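# Summary of the model geometry
Single-letter residue listing:
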Amino acid sequence: MTDKTVRHIDAPASDRSTRDRLTPGRLLSWVSGYETLVLLALLMVVFTLSSDRFLTADNLQNVALVQAVTATMTLAVLMPLIIGEFDLSVGYLIGFLVMLEAVVAQHTSNPVLIIAAGPVVGLLVGLVNGVLTVYFKISSFIATLGVGILLSGGTQGISNGKVIFENIPSSVTTLASEDFLGLSLAVWLTLLLAVILFYVLEHTPHGRFWYAIGGSERVAYLAGVRTNRMRMTAFAAAGLIVGVAANFALAQAGSANPGYGPELLLPAYAAAFLGVATYRPGYYNVLGALVAIILLAIGFNGLSLLGVPFWVQPIFNGSVLIIAVLVARQETRQVRTG
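So, a few notes on the structure that sits alongside this text. All residue numbers here refer to positions counted from 1 along the written sequence of the relevant chain. Note on the predicted model: pLDDT of at least 70 is required for a residue's local features to be given, and 80 or more for side-chain atom pairs to be given and counted; whole-chain, interface and lining totals, by contrast, use all residues. Where side-chain values are given, they derive from all heavy atoms of the structure, hydrogens and water being excluded.

To find leftover empty space, a probe the size of one water molecule is rolled over the atoms. A volume near 630 Å³ is recorded for the largest pocket. Residues are called lining when one of their atoms sits within 4 Å of a cavity or pocket point, these points coming from a 1 Å grid over the protein atoms alone, where a cavity is a set in which a 1.4 Å probe fits but cannot get out and a pocket is an open set with protein on both sides within 12 Å along at least five of seven lines. Looking at the largest pocket, it is lined by 27 residues, and the ones nearest its centre are Val66, Gln67, Thr70, Leu264 and Gln313. Here the lining of the largest pocket takes six residues from helix α4 (residues 57–82), the largest share from any one element. Polarity classes work like this: nonpolar for Ala, Val, Leu, Ile, Met, Phe, Trp, Tyr, Cys and Pro, charged for Asp, Glu, Lys and Arg, and polar for all others, with Gly in that last group. Along the lines of polarity and charge, the residues of the lining of the largest pocket split into 17 nonpolar, nine polar and one charged. Grid points are joined across faces, edges and corners, and a volume is the space filled by probe spheres set on the points. Runs of E in the DSSP output that reach at least two residues are strands. Runs of H or I that reach at least four are helices, and both are numbered from the N terminus.

Rendered as structure tokens:
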């Protein structure tokens with residue numbers, strides 16, 4: 001062996017113990033990327049210890065049913081977000097579609113026509129949003145907000161400002177009333193929709209094209225992606241999914257209220273933004289959004305069981321939305337600079 005041979009010298013035991021010690025910095029580094037899951041676990045523990053009604057089958061089943069609509073709405077807003085756009089019409093759209101289905105139910109008892117009305121009209125509205133944004137080059141903020149305001153007027157027009165609760169067939173409300181393996185049909189259908197979207201986004205060229213457009217539309221176009229067509233399909237998919245959510249909302253309430261819908265916009269976007277920090281950091285995704293929905297649902301349900309007043313919900317949702325946006329920006333910045 002020559003003098004140039006590199007020898008391995010073990011670090012002193014004191015250095016190894018310092019290096020392996022669980023310091024606050026190492027703990028924060030490990031937790032980074034799992035903030036949502038850690039917070040969800042903490043909330044579960046706190047609410048379980050605080051209320052004996054929280055961790056019961058009836059309560060958890062009710063939470064799942066109520067969140068079916070919000071979860072579906074979150075899946076809807078994900079589509080435009082992935083391509084770098086916003087759809088602010090979805091809250092007004094679901095209100096319009098629920099009312100439309102209730103009006104259709106006043107003229108026919110055919111459940112197929114009633115249930116199909118929401119997704120079909122939702123798809124058409126999504127295409128209108130896409131045309132205004134993609135081909136008329138109107139900002140998605142302005143275009144979808146304008147469409148939403150038009151829809152709010154349409155809701156008032158077809159309902160005459162009244163709640164419609166008559167002649168809603170039981171075959172429609174079955175989506176919320178019938179249980180299978182402890183969960184309502186609406187919950188199972190929401191999970192099925194989430195699985196389908198997860199597959200499309202993660203394992204098909206269509207999903208990869210959407211993410212590519214969201215990263216850089218110019219680069220995607222130069223790579224051969226038909227960006228206009230793909231952006232249109234994102235808006236159309238959002239409208240179609242809102243139509244599915246309308247079916248769940250009508251089934252749960254058994255009626256249509258002309259004031260329903262806009263309040264669902266913030267929870268949907270809060271879950272979508274918060275999901276960025278849960279799975280595939282820096283990217284809008286289905287799994288992260290579902291975890292975020294559970295977090296929001298558990299948080300407000302636990303607070304309700306502790307007796308907080310009704311006005312805490314919008315404060316809770318608004319606070320989570322702000323935090324979610326900050327987290328999403330930070331995660332996206334780390335991905336782009338990492």
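Let us now look at the side chain of Arg231. Topologically, Arg231 is positioned in helix α12 (residues 227–253). The class of Arg231 is buried, set by a relative accessible area of 6%. The contact rule is simple, with two residues in contact once any of their heavy atoms fall within 4.5 Å. The residues touching Arg231, leaving out its near neighbours within four places in the chain, are Ile83, Glu85, Thr133, Val134, Ile213 and Glu217. Exposed residues in this analysis have more than 50% of their type's maximum accessible area, buried residues have under 20%, and partly exposed residues fall in between, with area computed by a 1.4 Å probe over protein chains only.

Another aspect to go through is the packing of α4 against helix α13 (residues 265–274). Only the stretch in contact is used when a helix axis is fitted, and all axes are lines through C-alpha atoms; the angle between N-to-C directions ranges over 0 to 180 degrees. Running from amino to carboxyl end, α4 crosses α13 at an angle of 65°, the nearest separation of the two axes being 8 Å. α4 and α13 meet at a crossing whose hand is right-handed. Here Thr70, Met73, Thr74, Val77, Leu78 and Leu81 of α4 come into contact with α13, specifically with Pro267, Ala268, Tyr269, Ala271, Ala272 and Phe273. Residue classes in the contact of α4 with α13 are distributed as 10 nonpolar, two polar and no charged. Rotating anticlockwise by less than a right angle from the far helix to the near helix defines a left-handed crossing, while the corresponding clockwise rotation defines a right-handed one.

The subject of this paragraph is unusual backbone geometry. Even without glycine at this site, Asn160 takes up a positive phi of about 55°. Topologically, Asn160 is positioned in the loop between α7 (140–159) and α8 (170–177). Unlike most non-glycine residues, Leu181 shows phi in positive territory, near 55°. Inspection of the secondary structure puts Leu181 in the loop between β1 (179–180) and β2 (183–184).

With that settled, the discussion passes to the pattern of salt bridges. In what follows, salt bridge is the name for a side-chain nitrogen of Lys or Arg lying within 4 Å of a carboxyl oxygen of Asp or Glu. Considering all chains together, one arrives at two salt bridges under this definition. Note that Glu85 is salt-bridged to Arg231, the shortest N-O span being 2.8 Å. Taken together, the residues Glu85 in the loop between α4 and α5 (90–105) and Arg231 in helix α12 connect sequence positions 146 residues apart. Classification of Glu85 as buried rests on a relative accessible area of 13%. Shared partners join several salt bridges into a network, and the residues in it are Glu85, Glu217 and Arg231.

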